[in-house]
Each structure stands twice: as C-alpha cells, then as structure tokens.
Amino acid sequence: MLLLLRRTVPLLSRRFASCCPSAVPKPILASSVLLNLGKINGSIHSSFFGSVSGQNTGTMPERRPFVRLPTDVYPVNYGLCLRPDLIDFTFDGKLEAQVEVTQATNQIVMNCADIDIITASFAPDGGDEINATGFNYQNEDEKVTLSFPSALQKGSGTLKIDFVGELNDKMKGFYRSKYTTPAGETRYAAVTQFEATDARRAFPCWDEPAIKATFDIALIVPKDRVALSNMNVIDRKPYPDDENLVEVKFATTPIMSTYLVAFVIGEYDFVESQSSDGVTVRVYTPVGKAEQGKFALEVATKTLPFYNDYFNVPYPLPKIDLIAIADFAAGAMENWGLVTYRETALLIDPKNSCSSSRQWVALVVGHELAHQWFGNLVTMEWWTHLWLNEGFASWIEYLCVDHCFPEYDIWTQFVSADYTRALDLDALDSSHPIEVNVGHPSEVDEIFDAISYSKGASVIRMLHNYTGDEDFRKGMNAYLLKFQHKNASTEDLWDCLAQASGKPIAAVMSSWTKQMGFPIIVVDQEQQGEDRILKISQKKFCASGPHNGEDCPSWMVPISICTSEDPKCSKLKFLLDKAETTVTVSGIGPDQWVKINPGTVGFYRIQYSSSMLESLLPGVRDLSLQPVDRLGLQNDLFSLSRAGMISTVEVLKLMEAFINEPNYTVWSDLSCNLGVLSSLLSHTEFHEEIQEFIRDLFSPIGLRLGWDSKPGEGHLDALLRGLVLGKLGKAGHKPTLEEARRRFKEHVEGKQVLPADLRSPVYLTVLKHGDSATLDTMLKLHKQADMQEEKNRIERVLGAISAPELTQKVLNFALSEEVRPQDTVSVIGGVAGSSKLGRKAAWKFVRDNWEELYNRYQGGFLISRLIKLTVDGFAIDKMAAEVKSFFESHPAPAAERTVQQCCENILLNAAWLKRDADDIHQYLLQRKAPPV
C-alpha cells in the first residue's frame with residue numbers, strides 16, 4: 001500500500017503548504033560555528049509525555065491484550081460468492097471454505113466485523129453436515145466464534161456460511177465509491193480496501209497474513225457493470241433469479257493472504273497492452289477517460305519485465321489490472337493482479353497534468369508492482385514485519401523509475417523526499433523502531449508511517465550499497481524462491497543476503513531495525529604529511545540535541561569517505577562498530593577536502609569540525625560537490641540548528657552560498673527548510689524580513705528560468721520553474737505577483753490556458769495576495785474541473801487566502817460535498833500551513849468538527865495526517881498542553897503516537913524560537929544595512 005506520504009511531507013514542520021505545492025518536497029542547512037546548546041527541554045519532554053517510550057525502545061503506547069486466531073482449523077480454499085446492491089448499499093454473500101481441522105474442536109474462531117451471519121454449517125469430507133448452533137461475536141476483537149453441537153473431528157471438511165453486510169462509506173472493507181457519469185448522474189461503485197485488517201468486513205475469514213489459502217471468487221452484478229477481481233474471468237452468464245444481473249466467475253488464485261483479495265464493480269473504460277514477457281496489462285479509468293490511462297500503461301509494461309529480470313522470478317499471474325477509484329483513502333493498494341489507485345496516482349492527461357504528477361504516477365506504479373513479488377508472492381509473517389514490505393517497495397520504486405526515466409534524477413529526489421524526512425521523524429523521542437510489535441488490529445494503522453516507509457527504504461538503500469548490487473540481487477532471488485507462496489520474517493531476508501554476500505547482514509541491520517533513532521557521526525581531522533587522520537565517533541542524535549545520558553545506544557554504521565580528488569568515488573569504506581575510531585586517508589594534500597557519506601547513503605547526520613566544514617563550503621559554491629551531497633550537507637546543518645547545536649544564523653549564511661545552484665532537488669530541499677523557518681518566524685514580529693530573505697535568494701534563479709519553457713528543457717526544469725515561481729509569489733515578489741495575476745486573468749477568461757506546470761504556483765500566488773473575488777473564481781474553477789488532479793491542485797492551495805472570513809469559508813468548503821472525503825485533509829492542512837492565523841483557525845475547526853471528521857475516517861491513517869498537518873506548526877509551549885489535553889478527552893487510538901510527535905514538535909519549535917529568534921532578527925536586519 002502506498003500512503004500519500006511523499007507529496008505532503010508529514011514531518012510537522014515540513015508541511016506541504018510551506019513548500020510550493022508543485023514540489024516533491026524537503027529540508028536544508030547550516031554552517032560552521034558550532035554553538036553549545038546547553039540545556040534545551042529534555043526535562044520538559046520526559047515529564048510532558050509520560051507514556052512516551054524511553055530513548056531506545058520506542059514501545060507503543062499502552063495496549064490492550066490481543067490473541068491471534070487459534071490454529072485448530074485453517075482454510076485451504078475460499079469459495080466466495082458476493083452480490084452487492086448498489087442502490088441500498090448492502091451485500092449478501094455465500095462462503096464455502098475447504099478447511100483442515102488439525103485437532104478435534106466444537107468451535108471455529110474467525111475474523112468478522114460489521115457482518116451478520118445468517119446460517120453456518122460444517123460438513124466433514126464424506127460425512128454429514130453439522131449446523132452451527134451459535135454465533136458469538138467479539139466485536140472489540142473483530143472475531144466470531146461458531147459453536148457446533150458436537151466436536152468437529154480432525155481432517156478435511158467444508159465450512160458454509162451465508163451472511164449479509166453493508167457497503168460502507170468509510171473507504172475500508174467492501175465499500176461504496178461515489179462517481180459522476182459523463183451525463184452528470186451520481187452513481188456508486190462497489191470496491192475494496194482490505195489492508196491491513198478489513199477483509200473481515202467483506203466476508204468471515206482468517207484475516208491474518210500468515211493464514212494463506214486459494215480463492216475462487218464469483219460476483220453477481222448488474223449486467224451493464226464491469227466486474228473485476230484478482231484473477232481473469234473464466235465465466236460470465238445470466239443470473240437465473242434476475243434478468244438484470246450476471247454472475248461473473250474468476251479463475252482460482254494462487255495461495256495468498258486475505259488482505260490482498262480485491263473486487264471492483266462499477267463503470268470503467270480501459271486501455272490494454274502486453275508486457276514483453278507476455279502478461280496482459282490493463283489500466284481501467286472512469287468512462288470517457290481511457291486516454292488518461294496510457295502513461296500508467298506505458299510505465300507498467302516497462303516495469304513488469306524490469307522486476308522480472310531484477311528478481312529473476314517471473315510474475316506469477318496471467319494478467320494485471322490497474323484501476324482508478326474515485327473515493328480512496330491511501331495512494332494505492334497492491335492487491336494481487338488488481339491494483340487499486342487514487343485517480344491522481346494513476347491518471348495522466350497529456351494537456352492538463354503537471355510534471356510532478358507524471359513522476360508521482362511512475363513512482364506509485366513502480367511501488368505497487370514491486371509488491372506483486374515482495375509482499376504478495378512472499379508475505380510478511382505478521383504486521384511486525386510490515387516495514388519489510390513497505391520499506392522495500394519504497395526503495396525499489398526509485399530503482400524502477402530510474403530505469404524507466406533516467407532524466408528524472410530520481411535518486412537525488414529520494415534523499416529529499418524520503419531519507420531526510422525519515423531522519424527528521426526518527427530524531428524525536430516519540431519515534432519508534434522500524435520493527436514494532438503489533439497486536440490488536442487498531443495498532444496496525446499506526447505503523448503505516450514514515451518510519452516503516454521512508455526509514456525502511458533508506459536503510460535498505462544503505463544495505464544495498466553495503467552488499468553491492470550483484471550480491472543483493474542474488475540474495476533477493478534466493479529469498480523469493482525459498483519463500484514463494486509462503487510467509488517470511490525480517491531475519492529470513494537477512495539470512496539470504498548474508499549467504500549471498502558473506503557479510504554480517506543480521507548483526508549490522510538489527511541495530512537499524514530493532515532500536516529507534518540513528519547516530520550523529522562527529523568528525524575531526526589532522527594533516528600528517530600526505531595523510532589525513534580522521535577521528536570519527538558516533539552518538540545518538542536527538543531533535544533536542546545530542547543524547548548525553550547513560551547507556552547511549554550505538555549502531556553498526558557503514559562509513560564511506562571521498563575526497564575532492566573524486567567526489568563521486570569512495571576512497572575508503574569501513575564498518576564503524578564501536579563508539580569511536582581513528583582512520584587514515586592516504587595521499588591527500590592539505591588543500592584537499594574530505595567528505596563523509598558520499599551519495600548521502602548512510603542513514604545518519606554528520607557534524608564536522610569547523611575547519612572541515614569551512615573546506616567543504618567552496619564545494620557548494622563551485623558545485624564540485626555532487627548535488628546529493630550539497631543537499632545532504634545543508635540538510636544536516638539545518639537539522640543541527642533546530643537541535644540547538646549550531647546557530648540558525650549559520651544556516652542562513654550557508655543558504656546564501658546556493659545562489660548559483662542549478663539543481664531542482666537541492667532547491668526543493670532549501671525551499672522546504674525555508675518554509676519551516678518562515679512558519680516558525682510567523683510567531684514573531686519580523687516575519688516580513690524572512691520573506692525578503694526568500695525573495696533575495698530565489699530572485700536570481702527565477703530570473704534565469706523565466707516563466708516559459710525553453711527548447712531543450714526537460715522534466716527537472718519544469719519542476720524547478722514551478723517551485724521557484726511559487727516560492728517567489730508566496731513571498732510577495734512584486735514582478736512575480738503581477739505576472740501571475742496577468743496570466744491567471746487570461747487563463748480564467750480562456751484567452752491563454754496556463755500550462756499545467758505553472759498552475760500551482762500561479763494559483764498559490766494569486767490566492768495568497770487575493771480577495772473574496774479571487775477565492776470565488778478559484779472555487780468556480782474547482783467546480784468546472786473535470787480532472788481530479790486539477791481539483792486537488794486547487795484544494796491544496798485554497799488555504800493560502802489571507803482574510804479570516806475567507807479562511808473560514810475554505811474550511812467549511814473542506815467538509816462540503818464538493819470535496820472528496822479523502823481530500824478534506826489536504827484542504828484543512830493547506831489552511832493550517834498558510835499562516836499563524838490559518839493554523840489557529842484550522843485547529844479550532846478540527847476541534848469543532850471532531851466528531852464528524854473522526855467518524856469519517858474511522859481512526860485510519862488519514863486521521864493521523866489530519867492531526868499532523870493541523871497542529872505541527874505551533875511554536876508555543878501551552879499549545880502542546882492544549883493539543884495533549886484535547887486528545888486525552890477525544891481519544892484517537894490509531895493516532896496516539898502522532899499526537900505525541902506533534903506535541904514534541906511544538907515544544908521543539910518553541911525552544912528553537914526562544915533560543916534563536918533574536919539572533920535571526922539581528923542577522924536579517926544587518927544584511928540589509930548599508931555598509932558603514
């Protein structure tokens with residue numbers, strides 16, 4: 001499953017509204033003088049959070065007891081027939097499951113939620129049918145116990161259950177999705193989303209990833225509807241009881257987990273192709289929009305053979321369908337053979353889709369198709385190992401996109417979009433280890449977060465670099481072959497990779513997956529003749545400053561070192577497996593620089609001595625450091641400034657060194673960090689001064705790029721132009737504002753349609769400096785938009801409007817019928833991220849409408865995102881107490897950790913502001929002062 005983590009960067013401070021909406025986000029920098037933090041607010045943290053885990057264990061908040069299903073009866077095959085009613089939003093179902101009884105029992109315990117069982121019986125092979133005499137629902141645990149009058153004997157048999165359920169509107173289980181026909185009529189499709197624990201809402205089942213079986217699925221549906229499932233259709237015939245219905249039967253699936261089962265009933269068009277290895281690929285789109293499926297089709301047909309070759313294991317099904325679902329909570333879901341997507345993660349209109357949308361679709365398709373092997377063919381044994389599924393797919397999607405679209409420079413973007421975001425979140429005391437013991441279903445949603453996805457992907461990237469590509473592929477192939485159609489744990493993968501590489505994989509990796517956090521690598525140097533002696537040590541990095549307590553955790557850290565002689569090539573590699581060490585880099589003159597972690601692959605922050613940092617700065621100005629390392633250097637320094645280890649003024653000085661920077665991703669990171677600073681300083685009297693700093697920094701690159709694309713420009717130029725113009729417009733750069741207004745007027749009047757890549761920055765700019773007429777025009781454009789991407793583009797920037805009564809209008813709009821349920825969150829988040837007043841208004845709105853919002857998302861991950869986007873930017877201690885208090889009286893179990901992280905971020909912001917605000921103000925004033 002892919003969440004919408006990347007596009008909206010959920011580190012609190014890194015809210016999407018701080019960045020240009022067309023960016024594919026993240027952070028930035030600092031410089032030399034290393035100031036002593038003294039005491040930040042560690043004491044506040046420990047007393048404030050109470051139940052937050054210790055430094056190193058990251059235990060979940062207090063949990064209720066949970067017991068997995070008994071193993072005395074297990075399924076071998078599910079024969080499942082479902083008949084949804086698309087008018088009354090109910091469904092009825094018949095289950096005939098071939099089961100194995102491993103020891104005599106007079107009851108069968110299964111998962112079941114929001115389903116009423118009508119009848120149930122068990123027939124042993126060759127024996128008489130025994131009717132169940134009782135159904136005991138344990139609603140809290142989402143289980144049902146079927147009781148039988150006599151013991152079911154060991155052996156095979158058939159379990160039959162007739163049941164009814166509701167096509168809910170909660171975007172989980174078997175649910176209804178609203179769409180509008182080309183003629184303007186409102187209709188509903190019936191669709192599924194089962195991961196993690198919602199197959200039980202569609203049929204009684206053993207809903208645990210390790211209890212695999214085959215499935216024979218049949219759907220009884222209106223004859224004018226498309227019916228899809230994991231496998232290909234083998235029979236479609238009229239339904240005897242109703243001439244308006246047909247019964248559609250699908251081929252038997254391979255052995256698979258329940259969370260990967262899927263079915264869709266609705267109205268769709270499709271485009272079709274065949275991959276070079278003979279798999280039929282279809283992309284299903286809303287009616288009349290088949291053209292918009294062509295880009296995803298092209299990506300999918302290139303991706304399947306790429307994975308086939310990379311894993312050296314063929315795709316095991318005859319077909320794969322990719323389908324766009326109107327109401328969809330996540331980004332996409334990897335159901336085997338029937339992958340479901342948000343419309344914005346699958347559909348591309350050549351005229352109206354921007355470059356970042358094309359890139360997003362390519363990444364999401366790459367992510368979900370990777371799961372067809374890694375997750376579907378071999379599945380985690382339990383949700384504790386979810387990170388392996390998601391971290392791996394989040395890493396390899398980049399490998400795949402790099403293969404399909406080398407011009408995207410996607411690995412540099414990985415560092416900004418995933419790696420630095422994971423570092424930010426994992427520096428909090430309220431983070432958690434990659435591997436989290438999960439029990440009750442309500443806990444599972446909570447670990448679908450940036451640690452499982454982005455830190456998971458980052459440590460796998462580090463592991464891939466440590467083992468080398470050839471051994472990594474060899475180990476992956478062995479793992480997939482050994483565990484295909486079975487379940488595996490993290491340790492099983494480590495064993496296969498260790499055998500292939502001969503390296504201590506488990507010992508190295510367990511220090512990254514079983515404890516939370518990461519190290520800061522502290523480096524000092526001394527020149528001796530032609531040798532550079534480096535003293536390198538590690539300690540845990542915390543967002544509130546370095547960990548100075550007893551029993552400091554340590555990591556096994558793959559360290560690589562490059563020099564100015566060849567910035568792309570490691571001159572020395574070793575494994576740091578103790579607190580500190582000294583290494584010698586030979587053949588280096590005193591005027592050459594030394595850089596740790598070339599490629600920014602190792603998952604750690606670096607603190608250089610002043611002299612080492614000074615020597616690296618020219619590499620930023622003259623671009624001799626590779627882009628990913630320019631980005632990594634400033635990102636580390638920005639993070640050190642937030643932690644109070646250096647002054648934020650040093651960061652601002654370094655930012656000014658990026659005046660010649662040509663690279664989109666480096667600018668994107670810089671932009672995000674400036675967004676964080678701007679948000680922080682909105683709590684001061686000198687917010688305008690940081691806007692002036694932003695205008696000064698971005699004007700030269702804005703001037704170089706201009707408004708219109710030039711011959712020979714590519715994907716990254718388009719992304720950079722959108723980013724820079726949006727940044728300048730939001731900061732009130734007059735020429736940008738005037739040109740944006742002129743182009744917006746022509747766009748609205750139909751004289752000159754804005755290119756898709758310019759729409760976000762123009763919309764943002766005119767709204768930020770607009771009035772009620774501007775907002776009304778924008779809402780009209782939203783209503784007229786035929787494409788979800790355009791609606792979302794507008795929704796994400798509406799919050800930029802400044803006047804309080806208009807902000808309220810936007811918040812009310814977020815909950816209106818005009819906005820799809822899954823998109824309400826980004827409208828409210830846009831308001832919260834726009835200004836100090838917006839933040840207050842959004843938080844009040846969430847509190848006032850909590851019941852409706854909580855009911856809408858039923859405690860899923862969207863509720864966590866909503867909380868994060870709304871409160872993460874506060875910077876006053878008392879707001880942390882207010883947030884904590886609100887969620888104590890309005891519990892949201894799936895977002896407990898998110899609430900802790902938000903409160904911690906608020907306290908960190910407040911400490912940062914107290915510590916550095918005056919110095920920042922002085923610096924911003926004196927940089928404009930005339931020379932004496």
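Residues numbered from 1 in each chain as written. Predicted model: local features only at pLDDT ≥ 70, side-chain atom pairs only at ≥ 80, totals over all residues. Heavy atoms only, no water.

Draft legend 1. Seen up close, the pairing of strand S15 (residues 263–266). Alternating residues of S15 divide into Phe 263 and Ile 265 and Val 264 and Gly 266, and every residue in both groups is buried. When strand S12 (residues 226–229) meets S15, the two strands line up antiparallel, connected through four bridges. Across the sheet, Leu 228 pairs through a bridge with Val 264, a residue of S15. (Buried < 20%, exposed > 50% of the residue type's maximum accessible area, 1.4 Å probe, protein only. Helix = DSSP H or I, 4+ residues; strand = E, 2+ residues; numbered from the N terminus. Pairing = 2+ DSSP bridges.)

Draft legend 2. Local environment of the confidence of the model for the protein. With 93% of its residues at a pLDDT of 70 or more, the protein shows a mean pLDDT of 90. Low pLDDT, under 50, characterises residues 5–60; the predicted model gives this stretch 236 contacts beyond four residues in sequence or across chains. (pLDDT = per-residue confidence, 0-100. Contact = heavy atoms within 4.5 Å.)

Draft legend 3. Representation of the sheet that holds strand S6 (residues 134–138) in the model. Pairing in this open sheet of three strands is antiparallel, and the strands run S3-S7-S6 from one edge to the other. A single partner strand is all that each edge strand has here, and the edge strands are strand S3 (105–111) and S6. Strand-to-strand twist across the sheet, computed as the mean angle between neighbouring axes with direction ignored, equals 25°. (Axes fitted to C-alpha atoms, helices over the stretch in contact; angles between N-to-C directions.)

Draft legend 4. Summary view of the UniProt feature "binding site: Zn(2+)" (unreviewed entry) in the protein. Using the residue numbers shown here, the UniProt feature "binding site: Zn(2+)" (unreviewed entry) corresponds to His 367, His 371 and Glu 390. The largest pairwise C-alpha distance within this set of annotated residues, which runs over 24 residues, is 8.6 Å, so the set is compact in three dimensions. Within the secondary structure, His 371 sits in helix H4 (residues 355–371). When near neighbours in sequence (up to four residues on either side) are disregarded, His 371 contacts Met 1, Glu 334, Asn 376, Asn 389, Glu 390 and Ala 393. Only 3.2 Å separates the side chain of His 371 from the side chain of His 367, close enough to count as a polar contact. Exposure remark for Glu 390: the relative accessible area of 0% places this residue in the buried category. Ignoring anything within four residues of it in the chain, the contact list for Glu 390 reads Met 1, Glu 195, Glu 334, His 367, His 371, Phe 448, Ser 452 and Tyr 453. (UniProt positions renumbered as here; feature names shortened; annotations may be inferred. Polar contact = N/O pair within 3.5 Å; in protein donor to acceptor, adjacent residues only side chain to side chain.)

Draft legend 5. Broad picture of the domain arrangement of the protein. In terms of domain boundaries, the protein breaks down into domain 1 (69–266) and domain 2 (381–516). Summed over both partners, the interface of domain 1 with domain 2 buries about 1100 Å², with 57% contributed by carbon and sulfur atoms. The three residues of domain 1 that bury the most area against domain 2 are Glu 195, Ala 196 and Pro 209, which together make up 36% of that side's buried surface. Our count for the domain 1 to domain 2 interface comes out at zero salt bridges. Where domain 1 packs against domain 2, one counts three residue pairs in polar contact (both at pLDDT 80 or more). Considering only residue class, the side of domain 1 that touches domain 2 consists of six nonpolar, one polar and seven charged. (Domains from an automatic or database assignment. Buried area = accessible area lost by both parts, 1.4 Å probe. Salt bridge = Lys/Arg side-chain N within 4 Å of Asp/Glu carboxyl O. Nonpolar A, V, L, I, M, F, W, Y, C, P; charged D, E, K, R; others polar.)

Draft legend 6. Just the packing of helix H25 (residues 861–871) against helix H27 (residues 896–926), in detail. Close contact between H25 and H27 brings their axes to 9 Å; oriented N to C, the two are set at 10°. As summarised for this structure, H25 and H27 are arranged roughly parallel, according to the angle between their axes. Residue-level contacts link Ser 864, Ile 867, Lys 868 and Val 871 of H25 to Thr 898, Val 899, Gln 901, Cys 902 and Ile 906 of H27. Classifying every residue of the contact of H25 with H27 by side-chain character gives five nonpolar, three polar and one charged. (Parallel < 35°, antiparallel > 145°, perpendicular 65-115°, else oblique.)

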